[in-house]
Structures are given as C-alpha cells and as structure tokens.
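What the coordinates show
Now for the letters of each chain:
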Amino acid sequence: MRNRAEIKAEAKGILREARVSPYLVTLLVIAIGFALDRVVDMARGGSLFYSYEFTRRYYEAIASGSVEALERLILSMPESGGSSFFFSILSSLAMLVLNGGYYIYCMGIRQGAEMPFSSLTDGLSVAGKLIWCSIQMGVKIFLWSLLFWIPGIIAAYRYRFACYNILTDSSLSAGEAIRLSCRQTEGMKGQLFMLDLSFIGWSILSALTMGLLNIWLTPYTTLCDLAYFEEGQKNVGRNPYGGNSQTPPRNGDPWGEL
C-alpha cells in the first residue's frame, strides 16, 4: 500500500485536475448546510444566528467565572418545541444524503470522470439505506463508547467505510455494509487514525477561519480517505468502485463484526 505522503500528493493532483472544481462543489455543500442551520436556529430561538449568539454568551459566562451568569444563560434558553426538533432532524437527514452525493462526486473525480454539480443529488437513490446505516453505526458506536471511550473510537474506525459501501454497491443492506467495513479496515485502523491526526493542524486553522478553510480541506481529506477505502476494497477482493466480491469474509479481527 502507498504511504500517507504519496496518498496526499495524489489527492492534491486530483484536486488540480478535476474538470468540475471541487472547491465550488464543496462551497455549494457548505452553503446548503449553512442555510439549513439558519432555518433550525430560527425555529429554535427565533433568530437566524441563535446558535452563534448562544455560543458567544456561553464562552463569555465561562470566562467571567460567574455561576450566576451561566445560570441566567441556561434559564434564557427557549424551550425545545416540536417545530425546532422537526427541522433539526430534517436538516440532519438532508445533509446526510447531500454528503452521500458529495462522496459520489469525489469518487468520480478519483476515477478521472467529469462529475457535474448534479451528482450531489445522486445520494437520493440510496437515501433510506444511508440513513439506516448511519443510525446503526451511531447506536453501535455509542454502545461501544460506554466501555470507557476507546472501544467506541475503535468502532468508529471499523465502520468508517460503511457509507462508502452503500454508495458503491446499492445491493448491500445497511448491516452488510457495516460488516463489510469491518473486514475492509482490518489492519488499517491505525493508518486511518494517523491520517486523521495529520490533519489536526489544518482543522485548527479551519476553526480559526470560521470554517472557510474547509472549502479546500474537505475535498482534500475526503480524497485521501477514499484512497484507503480503495485499498480496503482490494483487500476483500472487490473492485474499488464496484460491487463484486471474490473472496470470503476473513475472521482475523478479534472484535468480530459487531
């Protein structure tokens, strides 16, 4: 397998050569997410920027060291109504499906295809499976996290490719995609952890730029992640972006397929 430096260099080359700008596509996804967040804020607090205002007041209360200020802030929080909960769930599901389309776009440019902006809607064809897969992963990771966090972190890495599996093979059920991810990440979880760790500095810079750096960082990290997914596919006898399996499941992971 190629080392991390080679994978990152390859990803940068793909970003330069993509025929439809990955930065504009990423900007569109971020803009849609921002708009959905504003709708949720309006439903929750009656203001388009309620979450930002609440966060600012929270840190001011913490910095002041005043327990009374923190209590006043908590008491000033609006009660969560049915509409805010509905819009919050709807926004989360919409972004989940939109991100599925974004992954399809990134998969396409990794293969040298010209991926139009409309490819962002391609996740709709497997929306139900994506949502159910994410729910199952969330529950499993939460349950593993009850064992002092570290098992939960390991579980998150084991299930990392599950959504990619749904997007590349729509015949898989959510459970099958998760179990396949467990096989694909055997012997790779440490490498994935080091990949994530190598982006910590960029993530901090992104936070300092109010997330604007994500326009460049998101496609970069996604393309690197997909390189490891391709390797995981090959390790289990599957075409990187196809659905045919040629080898039986391996049982070398002591964690099993939970």
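Everything below is about the structure printed above this text.
Position numbers for residues count from 1 along each chain, tracking the sequence in the order it is written. Under the rules for a predicted model, residues below a pLDDT of 70 receive no local features and side-chain atom pairs below 80 are neither given nor counted, while totals for whole chains, interfaces and linings still include all residues. Neither water nor hydrogens contribute to the side-chain values; these are computed over all heavy atoms in the structure.

As for the overall build of the chain
Helix and strand assignments come from DSSP, with helices taken as H or I runs of at least 4 residues and strands as E runs of at least 2, each series counted from the N terminus. Assigned secondary structure in the chain consists of 12 helices and zero strands. Listing every helix and strand of the chain by position from the N terminus yields α-α-α-α-α-α-α-α-α-α-α-α. A compact globule built from 258 residues should have a C-alpha radius of gyration of about 18 Å, and the chain, at 20 Å, falls within 12% of that. Note on exposure labels: buried denotes an accessible area under 20% of the residue type's maximum, exposed denotes more than 50%, and partly exposed covers the range between, all computed with a 1.4 Å probe on protein chains only. Per-residue burial for the chain yields a buried fraction of 40% across its 258 residues. When contacts within the chain are restricted to residue pairs at least 6 apart in sequence, those whose partners lie at least 24 apart make up 68%. Computed with a 1.4 Å probe, the accessible areas rest on the Shrake-Rupley method; for each residue, only the protein chains presented here act as cover. Carbon together with sulfur atoms contributes 65% to the accessible area of the chain, which is approximately 13,900 Å² in total. Placing the 22 positive and 21 negative side-chain charges of the chain at their respective mean positions leaves the two points 4 Å apart. The globule rule is 2.2 Å times the number of residues to the power 0.38, and the radius of gyration it is compared with is taken over C-alpha atoms. Here, residues are in contact when the closest pair of their heavy atoms is within 4.5 Å. The convention is simple: Lys and Arg are positive, Asp and Glu are negative, and His and the chain ends are not counted. To locate a charge, take NZ of a lysine, CZ of an arginine, CG of an aspartate or CD of a glutamate.

Digging into the packing of helix H6 (residues 127–145) against helix H9 (residues 174–184)
Two elements in contact, H6 and H9, have axes whose closest approach is 9 Å; the angle formed by their N-to-C orientations is 55°. Accordingly, the angle class assigned to the pair H6 and H9 is oblique. For the crossing formed where H6 meets H9, the hand is right-handed. Residues Lys129, Trp132, Cys133, Gln136, Met137 and Lys140 of H6 lie in contact with H9, whose contacting residues are Ala174, Gly175 and Ile178. Each residue is assigned to one class: nonpolar for Ala, Val, Leu, Ile, Met, Phe, Trp, Tyr, Cys and Pro, charged for Asp, Glu, Lys and Arg, and polar for all the others, Gly among them. Class assignment of the residues belonging to the contact of H6 with H9 gives a composition of five nonpolar, two polar and two charged. Helix axes are fitted only over the stretch in contact, all axes being lines through C-alpha atoms; the angle between N-to-C directions runs from 0 to 180 degrees. The cut-offs work like this: below 35 degrees is roughly parallel, past 145 is roughly antiparallel, 65 to 115 is roughly perpendicular, and the gaps in between are oblique. Crossings are assigned a handedness: left-handed for a near helix turned anticlockwise from the far helix by less than a right angle, right-handed for a clockwise turn.

Observations concerning the environment of Ser118
Mapped onto the fold, Ser118 is located in the loop between helix H5 (82–110) and H6. A sequence separation of 80 residues divides Ser118 from Arg38, and the C-alpha atoms of the two residues are 24 Å apart.

Some words on a nonpolar patch on the surface
A cluster of nonpolar side chains, namely Phe193, Met194, Leu197, Ile200, Trp202, Ile204, Leu205 and Leu208, defines an oily patch on the protein surface of about 770 Å² accessible area. If you list the elements that add at least two residues to the nonpolar patch, you get helix H10 (189–198) and helix H11 (200–208). Relative to the helices and strands, Phe193 is located in helix H10. Patch construction takes residues with relative accessible area above 30% that form no salt bridge. Like charges are linked within 9 Å, and nonpolar side chains (Val, Leu, Ile, Met, Phe, Trp, Tyr) are linked within 5 Å. The rule for a salt bridge is simple: a side-chain nitrogen of Lys or Arg has to be within 4 Å of a carboxyl oxygen of Asp or Glu.

Quick word on the environment of Gly175
Here Gly175 shows up in helix H9. According to the relative accessible area criterion, Gly175 is buried, its value standing at 14%. Each C-alpha atom, one on Gly175 and one on Cys133, is 7.0 Å from the other, the two residues being 42 residues apart in sequence.

Topic: the packing of helix H2 (residues 22–45) against helix H3 (residues 50–64)
Taken N-terminus to C-terminus, the directions of H2 and H3 make an angle of 70°; their axes are 8 Å apart at the nearest point. Taken as axis vectors, H2 and H3 run roughly perpendicular relative to one another. When H2 is examined against H3, the residues Phe34, Arg38, Asp41, Arg44 and Gly45 are found in contact with a partner set consisting of Tyr50, Ser51 and Tyr52. Across the contact of H2 with H3, the residue classes tally to three nonpolar, two polar and three charged.

Quick look at the nonpolar core
The definition of a nonpolar core used throughout is a set of buried Ala, Val, Leu, Ile, Met, Phe, Trp, Tyr and Cys residues joined through side-chain atoms within 4.5 Å. By size, the foremost hydrophobic cluster in this structure holds 49 residues, and its most contacted members are Tyr105 and Cys133. Among all residues touching Tyr105, those that are not within four sequence positions of it are Ala18, Val20, Ser21, Pro22, Val25, Met115 and Ser119.

Quick word on H6
Residue count minus one, scaled by 1.5 Å, sets the expected span of a helix. The end-to-end C-alpha distance of H6, which contains 19 residues, comes to 27 Å, matching closely the 27 Å that a straight helix rising 1.5 Å per residue would cover. Inspection of H6 places Ala127, Leu130, Cys133, Gln136, Met137, Trp144 and Ser145 among the buried residues, and these make up the whole buried set.

Brief notes about the packing of aromatic side chains
Each pair of aromatic rings taken from Phe, Tyr and Trp, with Trp reduced to its six-membered ring, is defined by centres within 6.5 Å and is described as stacked if the planes are under 30 degrees apart, edge-to-face if over 60, and tilted in the remaining cases. Here the structure, examined in full by the defined rule, presents 12 aromatic pairs. For the ring pair Phe229 and Tyr241, a centre distance of 6.3 Å and an interplane angle of 50° mean the geometry is tilted. Residue Phe229 is located in helix H12 (residues 214–235), and its partner Tyr241 is located in the segment after H12; the two are separated by 12 residues in the primary sequence. As far as burial versus exposure is concerned, Phe229 and Tyr241 are alike and both buried. Here the aromatic cluster, defined as three or more aromatic residues joined through ring pairs, consists of Tyr103, Phe161, Tyr164, Phe229 and Tyr241. Look at NZ for Lys and CZ for Arg. If either is within 6 Å of the ring centre and within 35 degrees of the ring normal, a charge sits over the ring. Directly above the ring of Phe199 sits Lys8, whose terminal nitrogen or CZ lies 4.4 Å from the centroid. Over the ring of Phe34 we find Arg38, and its NZ or CZ is 4.6 Å from the ring centre.

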